[in-house]
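The chain contents come next:
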Amino acid sequence: MSALTYTPPPAPAADSATENPVVGIDQTKGDFSYNMDYEFDAGTGLSEKTVRYISSVKKEAPWILEFRLNALKKFLSMPMPTHWATKDLENINFDKIRYYLSQGQKPKRTWDEVPDDIKKTFERLGIPEQERKFLSGVEAQFDSEAAYSNIKELVAKQGVIFANSTEALREHPEIFRKFFGKVIPTGDNKFSALNSAVFSGGSFIYVPKGVKVAQPLQAYFRINAENFGQFERTLIIADEGSEVVYMEGCTAPKFSTSTLHSAVVELVALKGAKIQYITVQNWANNVFNLVTKRGVAHEEAEIKWIDCNIGSRLTMKYPGVVLKGRKARGEVLSIALANDGQHQDTGAKMIHAADETTSNIIAKSISVGQGRSTYRGVVHIPKHLKGCKNNTECDALLINSNSRTDTYPAITVRGDQNATQHEASVSKVNEEMIFYMQQRGLTEGQAMSLAVNGFINDLARQFPMEYSVELKRLIDLEMEGSVG
Amino acid sequence: MSQLEIKDLHVAIGDKSIVKGFSLTIRSGEVHAIMGPNGTGKSTLAKAVAGHPDYTITSGDVLLNGASILAQEADERARSGLFLAFQYPSEIPGVSIANFLRAAVQARLAEGEELDATAYYKRLYAKMDLLKIDRKFTSRSVNDGFSGGEKKRCEILQMAMLEPKFALMDETDSGLDIDALRIVADGVNALRGGPSAPGILLITHYQRLLDHIVPDHVHVMWDGRIVKSGDKSLALELEAKGYDWVKKEFAAA
Ligand SMILES: Nc1ncnc2c1ncn2[C@@H]1O[C@H](COP(=O)(O)OP(=O)(O)OP(=O)(O)O)[C@@H](O)[C@H]1O
Ligand SMILES: [Mg+2]
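Thresholds, definitions, all that
Residues numbered from 1 in each chain as written. Chains lettered and ligands numbered in written order. Predicted model: local features only at pLDDT ≥ 70, side-chain atom pairs only at ≥ 80, totals over all residues. Heavy atoms only, no water. Helix = DSSP H or I, 4+ residues; strand = E, 2+ residues; numbered from the N terminus. Contact = heavy atoms within 4.5 Å. Areas by Shrake-Rupley, 256 points an atom, 1.4 Å probe, with all protein chains shown as cover. Rg over C-alpha atoms; globule rule 2.2 N^0.38 Å. Buried < 20%, exposed > 50% of the residue type's maximum accessible area, 1.4 Å probe, protein only. Lys, Arg positive; Asp, Glu negative; His and termini not counted. Charge placed at Lys NZ, Arg CZ, Asp CG, Glu CD. Pairing = 2+ DSSP bridges. Axes fitted to C-alpha atoms, helices over the stretch in contact; angles between N-to-C directions. Parallel < 35°, antiparallel > 145°, perpendicular 65-115°, else oblique. Left-handed = near helix turned anticlockwise from the far one by under 90°. Nonpolar A, V, L, I, M, F, W, Y, C, P; charged D, E, K, R; others polar. Donors = N, O, S within 2.8 Å, 3.2 Å for Na, K, Ca; no water. Buried area = accessible area lost by both parts, 1.4 Å probe. Salt bridge = Lys/Arg side-chain N within 4 Å of Asp/Glu carboxyl O. Polar contact = N/O pair within 3.5 Å; in protein donor to acceptor, adjacent residues only side chain to side chain. Near = heavy atom within 4 Å.

Asks: An account of the overall build of chain A is needed here, citing residue identities and associated values.
Replies: Tallying secondary structure elements over chain A gives 11 helices and 23 strands in all. Across chain A, contacts joining residues at least 24 apart in sequence account for 85% of those joining residues at least 6 apart. For chain A, the exposed area adds up to about 17,900 Å²; of that, 50% sits on carbon and sulfur atoms.

Now the structure itself:
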């Protein structure tokens, strides 16, 4: 097995019935959208024609079109992973999805040039005034194309390339082609194949040797059109001894039919480099959010995923790190909140492939009402390795008795020269605790969100300030909405 | 001047009737002590008045300044000035005392009004000094891993910060060491003298507390209702004789 080969998650029993978890749920939260005029529209449904259309609009090199067409074949031939994953996946209607939409805008340079409706979106996203200045660093993904960018110029001074996928593959193939599709091969899973066929948008970043990018690079993703799937593609290469932090936020307005978000994120940390990838997402609860994220950490390199999943109908996401070089470090800190009608199927993968590699997984899940959380973990340490360490902690919080939580930690450690530690806990927010807080004047919703924030507090404290604030705000919103 | 009126209250948990015709009126500034054997319904009464959702009020009423509060949720009752110091306070892991109290204070402000953080901390520290609570205490999670006495002190700190109109103190003295008992009593007495003195219902098993917080009235609760009322001397009598004589007297009546 090569170090890059995907290890499938363990296979729990499949669900007995095809679920439709959004029935009977108040879906008005986050209910907004803007009319957009799309200049390029690939129409609904997926065929070779769709793929060729996308590639031609993007004026891509032939090798990329070939990459896409090959991926399409794989996608069409691969079965749904329902032998281990939820049958709800069968409810995705691939023929109804739009695979590409674009306003045909060039990425914008300054805040003034950003279209008003996009500013309006930021406003509706509730980003407070103080944080507006923060937006000057935002690479906003408005539907398929980057709509705003400014930090690019700033980091370009350090030799950093920060571009969208189309631009990067067109202008810097010598840098990106080498790693593109290598960390996560097209056929890794059905959805990485889908993404490889129709990807658009997403960020490609190259950080030169020894460069430490002072401010986090950012992106905001949003699904704006009904039945539109969003398939961004991100590739970050941190050259030897460099450091970079990347943050993404996601949100989607509410539509009556399901939408699909299926991204692929590949990270490469070369010798001694550090990459931190932070996600706080809040999808509307009819979004299928099926994302493949993986990084390769070379010698003494470090990759850290911070992944917060709120909302969506179904999220399946298991950020992973392949610890390829000696003393490489990998970390996944994740928080998942499954409210009524939502299923957060998340976890982490740590593939140790060199001596003295260390990995750390801390996963916290919160299940509310009918919400369901699943943790799937893979930790693989082969026998011939020495001095490897893994620490895995999974904590689940249940709010009311209907909630469901499952844990499938697969830890395969062979040989006696390696150490692992695994802890799991399940706790409940009980009625007495909520009554206690209500007796102090907090509403039931406030009480629950305080309990949830308390549960994730030790983890959230490790996040960058603005993201823990954002996370708290999203949790408040989610918990306020969950009572009544 | 405010008034809390408990009128012929009957409370059931499931189909088990626990409080059976409890009546009492408390005015601002008054201290009423309730004593009574274990399992007689004292905590049930307090929680029912505070609006615990599991406790069904089968008949009777609770009025705050003449208006029934029974239709209100627990948090609404709290914000209108009712405070319950719990016999068994809940633990809230990961939520610091400072943040918890801040949320509680914020909840009492008008919509859109922002809490003045500096003033809040100043007030919090003043109250802590008064109650001789270490500042480090505020960064600990609410009641999480607290000793019995620490939990009770934390209840009193919250009460001092929230300045209720009426406080139901359920065995706040149990678990307190002698010094802490005096400090807590001093805190309560300080409130008593003030212009916005709350009405207090003190549930206790021990005369010891009543030495420090001298009650205006003492009531004996038995099988879900008050069977005897008197002044502070009644507590001394109970301390000396136990509850048997009340039982007999009550059974005879
Ligand atoms: N949640 C509950 N479910 C069933 N029974 C309960 C519940 N809570 C209280 N009880 C019962 O109600 C009765 C009164 O309990 P309560 O706690 O009110 O007594 P108390 O007077 O406060 O006693 P103590 O002096 O020991 O604190 C007891 O018999 C108790 O077992
Ligand atoms: Mg009691």
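After that view, the rundown keeps rolling.
Asks: Would you mind going over the overall build of chain B in detail, with residue names and values included?
Replies: Broken down by element type, chain B carries 9 helices and 12 strands. Its C-alpha radius of gyration of 18 Å places chain B within 12% of the 18 Å reference for a compact globule of 253 residues. With respect to the principal axes defined by its C-alpha atoms, chain B has extents near 60 × 40 × 35 Å. Relative to its 253 residues, chain B shows a buried fraction of 51%. Taking the contacts inside chain B whose residues are at least 6 apart along the sequence as the reference set, 68% of them involve residues at least 24 apart. Entry remark: accessible area of chain B is about 11,200 Å², with carbon and sulfur atoms responsible for 49%. Considering chain B, the positive charge centre built from 30 side chains and the negative charge centre built from 34 side chains are found 3 Å apart.

Asks: How would you summarise unusual backbone geometry if you had to cite specific residues and measurements?
Replies: Trans is the prevailing form of peptide bonds, just as negative phi is the prevailing case for residues other than glycine. Residue and element names in this part refer to chain A. The backbone of Lys327 shows a phi angle near 65 degrees, a positive value even though the residue is not glycine. Following the sequence through the fold, Lys327 ends up in the loop between β16 (320-323) and β17 (329-338). With a relative accessible area of 33%, Lys327 lands in the partly exposed category.

Asks: Which residues make up the sheet that holds strand β2 (residues 16-27) of chain B, and what values do they have?
Replies: All names here are of chain B. An order of β2-β1-β4-β5 is seen for the 4 strands of this open sheet, with the pairing classed as antiparallel. Each having just a single partner strand, β2 and β5 (67-68) make up the two edges of the open sheet. Pairing of strand β1 (residues 3-13) with β2 involves 9 bridges; the strand directions are antiparallel. Across the sheet, Ile6 pairs through a bridge with Leu24, a residue of β2. Its contacts with the sheet place helix α1 (residues 42-50) against β1, β2 and β4 (55-64), and it is angled at close to 110 degrees to β1.

Asks: Break down the packing of helix α2 (residues 62-77) of chain A against helix α8 (residues 190-198) of chain A for me, citing the residues and quoting the values.
Replies: Residue and element names in this part refer to chain A. Interaxial distance between α2 and α8 falls to 7 Å at its minimum, and their mutual angle equals 150 degrees. Judged by the angle between their axes, α2 and α8 are roughly antiparallel. Crossing hand, α2 versus α8: left-handed. Residue-level contacts link Phe67, Arg68, Ala71, Leu72, Lys74, Phe75 and Leu76 of α2 to Lys190, Ala193, Leu194, Ser196, Ala197 and Val198 of α8. Here the contact of α2 with α8 is built from residues that sort into 9 nonpolar, 1 polar and 3 charged.

Asks: Go over the coordination of the magnesium ion (ligand 2), please, and point to the residues and values.
Replies: Think of it this way: four donors in a tetrahedron around the metal ideally sit 109.5 degrees apart, and six in an octahedron ideally sit 90 or 180 degrees apart. All names here are of chain B. For the magnesium ion (ligand 2), every protein donor is listed as Ser43 (OG) and Gln87 (OE1), and the spread of their distances is 2.0 to 2.1 Å. On the criterion of sequence distance, the pair formed by Ser43 in helix α1 and Gln87 in the loop between β6 (82-85) and β7 (92-96) is long-range, its members being 44 residues apart. In this pair, the class of Ser43 matches that of Gln87, namely buried.

Asks: Any details on the interface of chain B and chain A? Residues and values, ideally.
Replies: Counting residues at the interface gives 32 residues for chain B and 17 residues for chain A. Interface area, chain B with chain A, both sides summed: about 2,000 Å², of which 60% is carbon and sulfur. Counting across the chain B and chain A interface gives 2 salt bridges. A salt bridge links Glu432 of chain A to Lys47 of chain B; the nearest nitrogen and oxygen atoms lie 3.6 Å apart. For the interface between chain B and chain A, the tally reads 14 residue pairs in polar contact (both at pLDDT 80 or more). When contributions to the side of chain B that touches chain A are tallied by element, the ones reaching two or more residues are α1, α2 (74-79), β6, β7, α3 (97-107) and α5 (148-162) of chain B. Residues belonging to the side of chain B that touches chain A are distributed by class as follows: 18 nonpolar, 6 polar and 8 charged.

Asks: So what's going on with the site of ligand 1? Residues and values would help.
Replies: Residue and element names in this part refer to chain B. Taken together, the neighbourhood of ligand 1 is formed by 14 residues, with Gly39, Lys42, Ser43, Thr44 and His205 sitting nearest. At a separation of 2.5 Å, an oxygen atom of ligand 1 approaches a polar side-chain atom of Thr44. Within the contact set of ligand 1, an oxygen atom lies 3.3 Å away from a side-chain nitrogen or oxygen of Glu171. With the chains in place, 64% of the 640 Å² that ligand 1 exposes on its own is no longer accessible. For the shell around ligand 1, the secondary structure elements donating two or more residues are β2 and α1. Here the shell around ligand 1 takes 3 residues from α1, the largest share from any one element. Split by residue class, the shell around ligand 1 holds 3 nonpolar, 8 polar and 3 charged.

Asks: Give me the lowdown on the pattern of salt bridges, citing residues and values where you can.
Replies: Per the stated rule, a full pass over the model turns up 29 salt bridges over all chains. Across the salt bridge formed by Arg294 of chain A and Asp188 of chain A, the nearest N and O atoms sit 2.9 Å from each other. With Arg294 of chain A in strand β13 (residues 287-297) and Asp188 of chain A in the loop between α7 (173-176) and α8, this pair connects stretches of sequence that are 106 residues apart. Of the two residues, Arg294 of chain A and Asp188 of chain A, neither departs from the other in class, the shared state being buried. Here Lys151 of chain B ties to Glu91 of chain B by a salt bridge, and the two come within 3.1 Å at their closest N and O atoms.

Asks: A description of the pairing of strand β9 (residues 166-170) of chain B should follow, citing residues and the corresponding values.
Replies: Residues and elements named next belong to chain B. In terms of residue burial, β9 counts as a mostly covered element, since 5 of its 5 residues are buried. A two-sided burial pattern is seen for β9, the buried positions comprising Phe166, Leu168 and Asp170 on one face and Ala167 and Met169 on the other. Summarising the sheet, β6 and β9 pair through 4 bridges and their orientation is parallel. Residue pairing across strands places Phe83 opposite Ala167, the latter belonging to β9. Across 5 bridges, the pairing between β9 and strand β10 (residues 199-203) is parallel. Bridging across to β10, Phe166 finds its partner in Gly199.

Asks: Please give an account of the pairing of strand β15 (residues 314-317) of chain A that cites residues and values.
Replies: Residue and element names in this part refer to chain A. Neither face of β15 is open: one carries Leu314 and Met316, the other Thr315 and Lys317, and all of them are buried. Bridge count between β13 and β15: 4 bridges; the pairing is parallel. Looking at β15, one finds that Val291 is bridged to Lys317.

Asks: So what about the side chain of Thr86 of chain A? Which residues, and what values?
Replies: If you trace the backbone, Thr86 of chain A turns up in the loop between α2 and β2 (101-102). A distance of 3.1 Å separates a polar atom in the side chain of Thr86 of chain A from the backbone nitrogen of Asp88 of chain A.

Asks: Describe the sheet that holds β9 of chain B, with residues and values.
Replies: Residues and elements named next belong to chain B. Here we have 6 strands laid out as an open sheet, ordered β6-β9-β10-β3-β11-β12, and mixed in their pairing. Of all the strands in the sheet, the pair left with one neighbour each is β6 and β12 (225-230). Between one strand axis and the next, the sheet turns by 20 degrees as a mean value, whatever way the strands run. Lying on the sheet, α1 is in contact with β3 (31-35), β6, β9, β10 and β11 (217-222); it crosses β6 at an angle near 145 degrees. Running over the sheet, helix α8 (residues 232-241) touches β3, β11 and β12 and is turned about 45 degrees from β11.

Asks: Quick rundown of the packing of α3 of chain B against helix α4 (residues 117-130) of chain B? Include the residues and the values.
Replies: Residue and element names in this part refer to chain B. Taken N-terminus to C-terminus, the directions of α3 and α4 make an angle of 115 degrees; their axes are 11 Å apart at the nearest point. Note that α3 runs across α4; the crossing there is right-handed. Across the interface between the two elements, Ile97, Ala98, Leu101, Arg102 and Val105 of α3 pack against Ala117, Tyr120, Tyr121, Arg123 and Leu124 of α4. Residue classes in the contact of α3 with α4 are distributed as 8 nonpolar, no polar and 2 charged.

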